[in-house]
Amino acid sequence: MKKVIMYQTRTANERCLNNAWYLERIWNDWDGVYSDEYEVELPDEYHIGQTSSGEKLIFRDDYNYGFEIYNESYSENAKPYFYDTKLSKRIKLNVIGPAEE
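Residues numbered from 1 in each chain as written. Predicted model: local features only at pLDDT ≥ 70, side-chain atom pairs only at ≥ 80, totals over all residues. Heavy atoms only, no water.

Now for the sheet that holds strand S6 (residues 46-50). Here we have three strands laid out as an open sheet, ordered S6-S7-S8, and antiparallel in their pairing. Single-partner strands in this sheet number two, and they are S6 and strand S8 (63-67). Geometrically, the sheet is characterised by an average inter-axis angle of 40 degrees between neighbouring strands, direction not taken into account. Taken together, the five bridges between S6 and strand S7 (residues 56-60) define a ladder with antiparallel strand orientation. (Pairing = 2+ DSSP bridges. Helix = DSSP H or I, 4+ residues; strand = E, 2+ residues; numbered from the N terminus. Axes fitted to C-alpha atoms, helices over the stretch in contact; angles between N-to-C directions.)

Mapped onto the fold, Tyr 81 is located in strand S10 (residues 80-84). In the structure, Tyr 81 is positioned 12 residues away from Ile 69 in sequence and 5.7 Å away in space, judged by C-alpha atoms. In contact with Tyr 81, other than residues within four places in its own chain, are Glu 68, Ile 69, Tyr 70, Asn 71, Glu 72, Arg 90, Ile 91, Lys 92 and Leu 93. (Contact = heavy atoms within 4.5 Å.)

So, on to the pairing of strand S11 (residues 89-92). Examined bridge by bridge, S10 and S11 share four bridges and lie antiparallel to one another. Along S11, the bridge assignment pairs Phe 82 with Ile 91. Count of turn residues in the S10/S11 antiparallel hairpin: four residues, of which Ser 88 carries a positive phi of about 50 degrees.

For residues besides glycine, phi is generally negative; the peptide bonds are generally trans as well. In this structure, Ser 88 takes a positive phi of about 50 degrees despite not being glycine. Note on placement: Ser 88 falls in the loop between S10 and S11. The exposure class assigned to Ser 88 is exposed, which follows from its relative accessible area of 52%. (Buried < 20%, exposed > 50% of the residue type's maximum accessible area, 1.4 Å probe, protein only.)

Structure, rendered in structure tokens:
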């Protein structure tokens, strides 16, 4: 496993708490803050790369197709995952903790 940086946003309003994971830093207009940086373990055969249009995705080293990040749920402890379509397998990512500054 290798360590990568991912970002989590937390938005709260009177109806719900919404947590989401991203590969890029996100500005949260609602709360006026940037997303939080976390260290996440990514399996060795994957890496974070960019498409020709600049979008960051997770790529498998032997497969030229990118995978988007999803959330298990929108709860505070939700883990990020992606779905490897070549393997037809959901890959859960382990969150190590907040990134050290």
